[in-house]
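Take a look at the letters that make up each chain.
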Amino acid sequence: MIKKLIGRVLSGKIFKPRTPRAQVIPFKSHGVAREQISKCALSVTDTLQAKGFAAFVAGGAVRDLLLKRAPKDFDVATNATPEEVRALFRRSRIIGRRFQIVHVMCGRETVEVSTFRAGHDEEDRENGNAKADEHGRLLRDNVFGNQQQDATRRDLSINALFYDPATQTVHDYHGGVADLHKKRLRMIGDPVTRYREDPVRMLRVARFAGALDFEIDPATRQPIKELADLLSNVPPARLFDEMLKLLLSGHAVETVKRLRKEGLHHGLLPMLDVILEQPLGERFVMLALKNTDIRIRGDKGVSPAFLFATLLWHEVLAAWKVIEAEGVPPIPALYRAMDQVLQQQAEKLAIPRRYGGDMKEIWALQPRFDQRAGRGPYRLLELPRFRAGYDFLLLRCESGELDQEIGQWWTRFQDANADEREQMLLPESAGPKKRRRRRKRKPGDATAPAAAQEAPQP
Ligand code: ATP
Ligand code: MG
């Protein structure tokens, strides 16, 4: 009994280390001015503070401002409850079931306001106050807390910073500012426990390492390889959201390279596992990611369906080959392969149905680019999905899967005038269509090839 007690004292379970106090960093040290905060976020913090609540800009926006990057959006953390926040802003609504947050709208901007939340420490877990599955994954973390607890439940030290626009100070409980200067990613608390609570944190570490070009602290990096399998317990829809964030971060190439360097690409990116092992597949995916990164950095829209179609193309190709080898004609075989690949990925990644349809359209167009005779090319040009299909074709050429010549032909064909187009068309030599048409024009023609003679009448 006494031994057990001493053990618990030594392991810090009874006399826990002092709760961290915030280091309050003044404007002159960090240089982030109130004007750098969006109008909407300022109005939210000002209003809450005027009513006597604590309110800070929190999380990614503070990190990005300290790194002199433009934040994607602004989140506010406060000690006001969701109902109290809701009551203060006319254009606001409470969302979420597990943990409620409030969306406050000003014009086209939306600011997410969350109430300080407590994570679960060892003691809670021992007392059974935290609900976790058999792998330690938290199923419930919806307990309000104070600012310090809210900092501690966050993932990385650099993501646990608060900015008070009224005093222009940064509040740092976990050495996040020092880590920003050192370009270091450090998980708050014991990394193994934190990954078990929420395996998605491993993907987030990889994403930030790639996007920020930061080093991963050894204790934060070391357990990932071993725990990567836990990602298979994460609900597919959540994994899909995180994958999308990673792929649309504008730094997908660096992130995937980083994953591979750390040996983390297995399991962490389920859909890339197989593809990155094949040289052609890898070239194709890396080219697609590079194109996506360039578009995102240039503020051009990207289509997630297009991106996922590229990521899975080589799986489709492989399945297509197998099905064709079983004697199924090419086009039905392609359709079967597409369904098979989408079905497999749905189980792992919950690619939403609306993307599945678009992806299939892009894939199904590919064999049609082979037809460069007759009316086919004109009909293809008219299709609403032509552009996506053509961009996809160019990637296939660039990656070495197809001859560059076919992509160049389609590039020229689009720009050509009517006469030039007619001249570009390939002669309708081989192919069942042509044979059939000739038979139609000249029904008893003795010179028609034997195969055509035997073909059924259209
Ligand atoms: P981004 O710029 O990509 O939005 P972010 O850090 O703002 O990055 P969000 O997903 O918007 O990421 O999350 C906001 C904040 O919530 C994070 O900065 C972090 O403090 C906290 N957070 C998000 N996901 C987790 C998680 N899985 N575990 C712990 N804290 C998290
Ligand atoms: Mg964010």
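The structure we're discussing is the one just above.
The rules behind these values
- Residues numbered from 1 in each chain as written.
- Chains lettered and ligands numbered in written order.
- Predicted model: local features only at pLDDT ≥ 70, side-chain atom pairs only at ≥ 80, totals over all residues.
- Heavy atoms only, no water.
- Helix = DSSP H or I, 4+ residues; strand = E, 2+ residues; numbered from the N terminus.
- Buried < 20%, exposed > 50% of the residue type's maximum accessible area, 1.4 Å probe, protein only.
- Polar contact = N/O pair within 3.5 Å; in protein donor to acceptor, adjacent residues only side chain to side chain.
- Contact = heavy atoms within 4.5 Å.
- Pairing = 2+ DSSP bridges.
- Axes fitted to C-alpha atoms, helices over the stretch in contact; angles between N-to-C directions.
- Expected span 1.5 Å × (residues − 1).
- Arc of directions from axis to C-beta.
- Disulfide = S-S within 2.5 Å.
- Near = heavy atom within 4 Å.
- Areas by Shrake-Rupley, 256 points an atom, 1.4 Å probe, with all protein chains shown as cover.
- Nonpolar A, V, L, I, M, F, W, Y, C, P; charged D, E, K, R; others polar.
- Salt bridge = Lys/Arg side-chain N within 4 Å of Asp/Glu carboxyl O.

**Q** Could you clarify how one ought to interpret the side chain of H171 in this entry?
**A** Locating H171 in the fold gives a position in strand 10 (residues 169–172). For H171, a relative accessible area of 13% corresponds to the buried category. Reaching out from H171, the side chain makes a polar contact with the side chain of T169 at a distance of 3.1 Å. Apart from residues no more than four positions distant in its own chain, H171 is found in contact with A22, Q23, V24, F56, Q147, A160, L161, F162 and D164.

**Q** Can you walk me through the sheet that holds strand 10 in this structure?
**A** What links the strands of a sheet is backbone hydrogen bonding, and the strands pair in either a parallel or an antiparallel sense. Spatially, the eight strands line up as an open sheet ordered 1-10-9-2-3-6-5-4, and their pairing is mixed. Each edge of the sheet is formed by a strand with only one pairing partner; in this case those strands are strand 1 (23–25) and strand 4 (92–95). Averaged over neighbouring strand pairs, the angle between their axes works out to 30 degrees when direction is ignored. Here strand 9 (residues 161–164) runs beside strand 10; their pairing, made up of four bridges, is antiparallel. Note on strand 10: the bridge partner recorded for Y163 is V170. Lying over the sheet, helix 3 (residues 39–50) contacts strand 2 (55–58), strand 3 (75–78), strand 5 (101–106), strand 6 (109–115) and strand 9, oriented at roughly 40 degrees with respect to strand 6.

**Q** How do you make sense of helix 22 (residues 404–415) when you look at a structure like this?
**A** Helical geometry note: an α-helix holds 3.6 residues per turn, so side chains three or four residues apart project in the same direction. Spanning twelve residues, helix 22 covers 17 Å between terminal C-alpha atoms, matching the ideal 16 Å at 1.5 Å per step. Looking only at helix 22, the buried set comprises I406, G407, W409, W410 and F413. The buried residues of helix 22 occupy one face: seen down the axis, they fall within an arc of 155 degrees. Each element contacted by the buried residues of helix 22 is listed here: helix 20 (376–382), helix 21 (386–398) and helix 23 (418–424).

**Q** Just to check I follow, could you spell out the state of the cysteines for this structure?
**A** Each disulfide consists of one covalent bond between the sulfur atoms belonging to two cysteines. Counting across every chain of the model gives one disulfide. One disulfide in the model links C40 with C106; its S-S distance is 1.9 Å. Classification of the bridge connecting C40 and C106 rests on its S-S torsion, roughly 70 degrees, and on that basis the disulfide is right-handed. Of the two residues, C40 sits in helix 3 while C106 sits in strand 5, which places them 66 residues apart along the sequence. Look at C40 and you get buried, because its relative accessible area is 1%.

**Q** Honestly, unusual backbone geometry in this entry has me stumped. Any pointers?
**A** Trans peptide bonds make up the majority, and among non-glycine residues the majority have a negative phi. Positive phi is not limited to glycine here, since K68 has a value of about 60 degrees. Among the secondary structure elements, K68 is positioned in the loop between helix 4 (60–66) and strand 3. On the basis of relative accessible area, K68 is assigned to the exposed category, the value being 72%. Despite not being glycine, Q168 shows a phi value in the positive range, around 55 degrees.

**Q** Teacher, can you tell me more about the site of ligand 1 here?
**A** Around ligand 1 sit 16 residues in total, of which R63, D198, R201, R207 and K245 are the nearest. Contact between ligand 1 and G60: an oxygen atom at 3.3 Å from a main-chain N or O atom of the residue. Between R204 and ligand 1, the recorded distance is 3.0 Å, taken from a side-chain N or O atom to an oxygen atom. For ligand 1, whose unbound accessible area comes to 580 Å², protein coverage reaches 84%. Mapped onto the shell around ligand 1, the elements with two or more residues apiece are helix 4, helix 10 (200–212) and helix 12 (236–247). Tallying contributions element by element places helix 10 first for the shell around ligand 1, with four residues. Here the shell around ligand 1 is built from residues that sort into one nonpolar, three polar and twelve charged.

**Q** Looking at this structure, how should I read the pattern of salt bridges?
**A** Where charged atoms from two side chains of opposite charge come close, those side chains can pair. The tally for this structure, following the rule as stated, stands at 20 salt bridges. Ionic pairing is found between E405 and R372, a salt bridge with its closest N-O pair at 3.1 Å. One end of the pair, E405, is in helix 22; the other, R372, is in the loop between helix 19 (353–365) and helix 20, with 33 residues separating them in the sequence. Overall, the relative accessible area of 12% leaves R372 in the buried class. Across the salt bridge formed by R387 and D391, the nearest N and O atoms sit 3.5 Å from each other. Highlighted residues: R387 and D391, both in helix 21, separated by four residues, approximately one helical turn. One connected set of salt bridges, linked through shared partners, spans D150, R153 and R154.

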